[in-house]
Amino acid sequence: MRSAPLPRMSRRGRVTIGVLIGVFVLFTLLGWGVQAWTDWLWFDEVDYTQVFTGVLVTRLLLFLAVGLGMAALVGGNLWLAHRLRPGLRPHSAEQATLERYRMLLGPRIGIWILLASAVVALFAGLSAQSRWSQWLLFRNGGDFGVKDPEFGVDVGFYVFQLPFLRYLLGVGFTAVVLAVIGALAVHYVFGGVRLQGVGDRMTNAARAHLTTLVAVFVLLKAVAYVLDRRAMLLEYNDSAKLYGAGYADVNALLPAKEILAYISIVVAIAIIVFSNAVMRNLVWPGISLALLGISAVAIGGIYPWAVQTFEVKPSARDKEAPYIQRSIDATRAAFSLTDTKTTPYGANNLTPPATLATDKAVVPNARLLDPQLVSETYTQLQQVRGFYDFGPKLDIDRYTVNGQTRDYVVGMREINYGELTDQQSNWINRHTVYTHGFGLVGAPANQVVCGGQPFFVSGFLGEREQERCSAQTDQIPTEQPRIYYGERMTADDYAIVGSTDEDRNAEFDRPTPTTGGEQYYTYTGEGGVEIGSFTRRLLYAIKEQESNFLLSEAVNDNSKLLYVRNPRDRVEKVAPFLTIDGDPYPAVVDGRIQWIVDAYTTSATYPYAERVNLQQETTDELTGRGTFQLARENVNYIRNSVKATVDAYDGTVRLYEFDDADPVLKAWNKAFGGDLVTPRSEIPEALAGHFRYPADLFKVQRNLLTKFHVTNPGDFYSGQDFWQVPNVPDAPDSGQKQPPYYLYTQFPEQDAPRFQLTSAVTPNGRQNLAALISGSYVDGQPRLEVWELPDQTRVSGPVQVHQQMTNNAAIRQQLNLLSSNQAQVQYGNLLSLPFDNGMLYVEPVYVKSNQQDAYPLLQKVLLSYGDGGSYVVLADNMEDGIKQLVEQGKQAAAGNPPPPPAGENENPPPPAGGETPPPLTGELAEAAQRVQTAIAEVKAAQTSGDFERYGRALKALDEAMTAFQQAQRAAGPAPSAPAASPSAPAPSGSPSSPAPSPSG
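Residues numbered from 1 in each chain as written. Predicted model: local features only at pLDDT ≥ 70, side-chain atom pairs only at ≥ 80, totals over all residues. Heavy atoms only, no water.

**Q** How should the overall build of the protein be read in this particular structure?
**A** Counting secondary structure elements, the protein contains 26 helices and 34 strands. Here the protein holds 1000 residues, and 53% of them are scored as buried. In the protein, 68% of the contacts between residues at least 6 apart in sequence involve partners at least 24 apart. Accessible surface, the protein: about 45300 Å² in total, of which carbon and sulfur atoms supply 54%. (Helix = DSSP H or I, 4+ residues; strand = E, 2+ residues; numbered from the N terminus. Buried < 20%, exposed > 50% of the residue type's maximum accessible area, 1.4 Å probe, protein only. Contact = heavy atoms within 4.5 Å. Areas by Shrake-Rupley, 256 points an atom, 1.4 Å probe, with all protein chains shown as cover.)

Have a look at this one:
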């Protein structure tokens, strides 16, 4: 009996659904069309249309190729399954139930197959178009000239070929699986496969069709085993805690993968032969698949596990040594650590030398202005209007003024749209009046005036009265100081510029300090998209969903639209295949303000190299405070291959080749026509003079060097010589890492002062100083240098030095006087400077009033030399501090103890007994100072609530007391041990009061 036909939809219902679908498609296509059109106009403005067309065409081709290929494979198998349907079907309840579905599908089977294929094609194409970068590298990649240590294959295969091959393999698996599922469903509906009834459950045609698809799947698995052998060089080796194939992988898993590949080929052949030519059933094919599964478990799982457990683990250090060496070598090559210059630095001079007072390279260039703290000072002293802003962090660059080169703290006086008042924030004001900032404000990094203010030398708003707190002339002059493109701009901060009235300027330019008036301006630059025509205005009205593009008189025939105004976003849009550094910085180059943006080429498939997460490795105290947080991208290869510039006035973007040997950049340049990147030889000399070692790359390299400075596999496995990056010195319990700092200085064995990025590192689990790491450019080439201190050095690390300096009794008294209910003390960058075989530490001390709109002022400078605790001063300025340190050194050389820091009571009252004890000298004085330092650490640990730190502090205090007693006995009758303050806990017992919990 035939089933009743399914009810047909009414004509009105079909029309309604058709209209809804049409409207949805129309608006979707309209949105895509508007976005594509405006993107083309933007890329045409910046003259990088080859990127737009290259990416768009590649995405379309991948969408069509993979989508149509998947549709053809799946749809073809659906059609074949229908074509192979049996002519006669036995009567059964199952077949009666399926009859209504056959009646629905049969008359329009072609349409249903096309519809199913279209859905598959859509999703496959959408997935494929996102792989445009892998495809472009696959097509244009070359050789690295470096071969992997296991197979001898060029690294270029892993970086350029392997990712896309693995994607294609995944597409093949997906296509076959969908084909099997679809074909099985069609065979079932049309009677080729039955679950009930007598006789065979599957026709010969259906069996041949389905088993062939299964055999193809198994053959793809054989290909996967072959690729997996190569991909093993990228996997994590848990035994060595490194990336790359280890002993068990190479000696057990690699052969197992090869064997399984051959077994897969045999099984695929067996499936076809046994199911169609010999026995014509599924028993033996099923047995073959089961044997493949058992082989995969036994050969690919159990055997490597046994080798790892019984052969590697008992002697992992020796077994993994060759593979650890591979990882060390590959990591150092992939992250440009191979040429790192390591210099032993004894740092055994603990007494301030007299040469500190006459030095011309290190001491005069010590940076006192902290770009994070003085940002508030710049904003308050140089903003004039509340909507001007310098951001939460300024930048460091170097300039040569009057024949003298030194580093400057520079900031851009930008418009901060978030600070506009409600009246100023209407559409007209926001987008046509307040369009730009004005001036690059700079101050020498080692100079303060007028009670702690920076000495401003540039970026003045106009004619100025004679002022002693700033330069009388602009020492960093610019031809065009206006800032239309800056870091404070967001995606919504577009500007409409240009006017038809030559006598009326509409854009607020700057206030005039001398007259109290305001100046207005009309943009004359080449940047911006012309929107004078009705079509363009309509286009952007749709894009921005803003009718004022059509209705406002502020938009006229001469109007231009400036958007994507953040320099980092601008470079990222021009070069979407690059990873952009989180800290762009401005520089005056040939009279124009240029944003300099460092950009990286990266890869995650360099064999045996350590894989790191860029976001995790580059996060420190400054992340999000004037620097952008990088994406969570896992990489094991990185090069600073591109230096990009963005003109602050007209938005011109230039990509300059910086690493001319990087194969990845060569592949990208080739992919976009060969002239996307300007050759290195064409970089203007004035621009190259402002290049600096990029901060995010340095952080990654520094963090890797904490482990990979160890090049001996045995020592690396033990991990006893590893380093760590210290926490922020003035807030060690925050868990935030100390950021590296830029300095214009001269380190040991350097010929002259250079602009370099520097960081101190400490031994893993300890706080004394282990090494200094520096990144700089020498003759235009990047150079990493390490000054390594001896093991068990007495020289303190940044956290210890800060604690020792600020916990000194006399200095603490002065710091307490600086801070009160009306003000707070803030600490600037703690600089660790190697000098004369010793260590000089410099830390500026700022004071900020608690009053509204107050800003930090540099009031004091903390200095220390040697081990960080013996010679400490708190001075009004750098010159006085150096004099005091030198004097302490002279006193020590004469056999006298260091004089008290300035401000300490030079005539302390005698003890209760009435007799003044003799001064401590030599080793006894050093031992006493250790006791005082240990007491201070106990107090700090008790306050922090860190039980582990508190226990270490008590142990250190006990050791210091023991050392003092030994020094006392060696010196004969001497004054008693230094007394702890009443609040200090006893070294060998419990604290007088319970320590607060760590969570408190």
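**Q** Would you mind showing me how to read the packing of aromatic side chains here?
**A** The final tally for this structure, using the stated rule, is 42 aromatic pairs. Centre to centre, the rings of Phe 157 and Tyr 158 are 5.5 Å apart; their planes meet at 85 degrees, and the pair counts as edge-to-face. Side by side, Phe 157 and Tyr 158 carry an identical accessibility label, which is buried. For the ring pair Phe 164 and Tyr 167, a centre distance of 5.8 Å and an interplane angle of 45 degrees mean the geometry is tilted. You can see Phe 164 and its partner Tyr 167 sitting in helix α6 (residues 155–189), 3 residues apart, about one turn around the helix. When its relative accessible area of 9% is taken as the criterion, Tyr 167 is described as buried. Linked through ring pairs, Phe 387, Tyr 388, Tyr 434, Phe 508 and Tyr 520 together constitute an aromatic cluster. Positioned over the ring face of Tyr 225 is Lys 221, at 5.1 Å from the centre of the ring. Sitting over the face of the ring of Trp 42, Lys 573 holds its NZ or CZ atom 5.5 Å from the ring centroid. (Phe/Tyr/Trp six-rings, centres within 6.5 Å; stacked < 30°, edge-to-face > 60°. Lys NZ or Arg CZ within 6 Å of the ring centre and 35° of its normal.)

**Q** Explain the environment of Tyr 388 here, please?
**A** Topologically, Tyr 388 is positioned in strand β4 (residues 388–389). Residue Tyr 388 is classed as buried on the basis of its relative accessible area, which comes to 1%. Sequence-distant contacts of Tyr 388, defined by excluding residues within four places in its chain, comprise Thr 379, Gln 383, Arg 413, Glu 414, Ile 415, Gly 437, Phe 438, Phe 508, Asp 509, Arg 510 and Pro 511.

**Q** I'm lost on the sheet that holds strand β5 (residues 395–401) in this one. Help?
**A** Strand pairs in the sheet, formed through backbone hydrogen bonds, run parallel or antiparallel to each other. Pairing is antiparallel in the open sheet, where 3 strands are placed in the order β5-β6-β9. The sheet is open, and its two edges are formed by β5 and β9 (440–444), each paired on a single side. Going across the sheet, the axis of each strand differs from the next one's by a mean of 40 degrees, ignoring polarity. Both strand β6 (residues 404–412) and β9 contribute to a ladder of 5 bridges, which runs antiparallel. Counterpart to Tyr 408 in the pairing with β9 is Pro 444. Helix α12 (residues 374–382) contacts β6 and β9 of the sheet and is inclined by roughly 120 degrees relative to β9. (Pairing = 2+ DSSP bridges. Axes fitted to C-alpha atoms, helices over the stretch in contact; angles between N-to-C directions.)

**Q** Sorry if this is basic, but what is going on with the nonpolar core here?
**A** Soluble globular proteins tend to bury their nonpolar side chains together. If you look at the biggest cluster of nonpolar residues, it comprises 226 residues, and the most contacted ones within it are Leu 655 and Val 842. Listed in part, the 11 residues of the second largest apolar core include Phe 387, Ile 415, Leu 420 and Phe 508. (Core = buried A, V, L, I, M, F, W, Y, C linked by side-chain atoms within 4.5 Å.)

**Q** Where do I start with a nonpolar patch on the surface in this structure?
**A** Taken together, the side chains of Ile 17, Ile 21, Phe 24, Val 25, Leu 29 and Trp 32 define a hydrophobic patch exposed on the protein surface, amounting to about 650 Å² of accessible area. In this fold, Phe 24 is placed in helix α1 (residues 11–46). Taking relative accessible area as the criterion, Phe 24 reaches 59% and is therefore assigned exposed. (Patch = residues over 30% accessible without salt bridge, like charges linked within 9 Å, V, L, I, M, F, W, Y side chains within 5 Å. Salt bridge = Lys/Arg side-chain N within 4 Å of Asp/Glu carboxyl O.)

**Q** Looking at this model, I keep getting lost on the sheet that holds strand β17 (residues 560–562). Mind explaining?
**A** Taking strand neighbours across the sheet as the criterion, the 3 strands line up as β13-β17-β16 in an open arrangement whose pairing is antiparallel. The open sheet terminates on both sides in strands that have one partner only, identified here as β13 (495–497) and β16 (529–530). Bridge count between β13 and β17: 3 bridges; the pairing is antiparallel. By the bridge assignment for β17, Val 497 is matched with Lys 560.

**Q** It is not clear to me how the state of the cysteines should be interpreted in this structure. Could you clarify?
**A** A covalent bond between the sulfur atoms of two cysteines is referred to as a disulfide. A full pass over the atoms with the stated rule returns 1 disulfide. Bridging Cys 450 to Cys 469, the disulfide has an S-S length of 1.9 Å. Here the disulfide of Cys 450 and Cys 469 is left-handed, its torsion about the S-S bond being about -105 degrees. In this pair, Cys 450 sits in the loop between β10 (448–449) and β11 (453–454) while Cys 469 sits in the loop between β11 and β12 (482–483), placing the two residues 19 residues apart along the sequence. Each of the two residues, Cys 450 as well as Cys 469, counts as buried. (Disulfide = S-S within 2.5 Å.)

**Q** Which parts of the structure should I look at to understand the environment of Leu 705?
**A** Mapped onto the elements, Leu 705 comes out in helix α20 (residues 695–708). Each C-alpha atom of the pair Leu 705 and Arg 332 lies 8.7 Å from the other, and the pair is 373 residues apart in sequence. Discounting residues that sit within four places of it in the chain, Leu 705 has contacts with Arg 332, Leu 337, Thr 340, Trp 723, Ile 773, Leu 784 and Val 786.

**Q** Explain the confidence of the model for the protein here, please?
**A** Detail in the predicted coordinates should be disregarded across regions flagged by low pLDDT. On average, residues of the protein score 85 in pLDDT, and 86% of them reach the 70 mark or higher. When mean pLDDT is compared element by element in the protein, strand β23 (residues 637–647) scores highest at 97, while helix α3 (residues 93–105) scores lowest at 65. Every residue in residues 901–917 scores below 50 in pLDDT, and together they form 16 contacts with partners more than four places removed in sequence or on other chains. Every residue in residues 974–1000 scores below 50 in pLDDT, and together they form 46 contacts with partners more than four places removed in sequence or on other chains. (pLDDT = per-residue confidence, 0-100.)

**Q** Quick question: what am I supposed to make of unusual backbone geometry here?
**A** With the exception of glycine, most residues fall at negative phi, and the peptide bonds are largely trans. Phi at Val 564 takes a positive value of approximately 55 degrees, unusual for a residue other than glycine. With respect to the helices and strands, the residue Val 564 is situated in the loop between β17 and α16 (567–574). At Asp 779, a residue that is not glycine, the phi angle is positive and equals roughly 55 degrees. Relative to the assigned elements, Asp 779 resides in the loop between β28 (771–778) and β29 (781–788).

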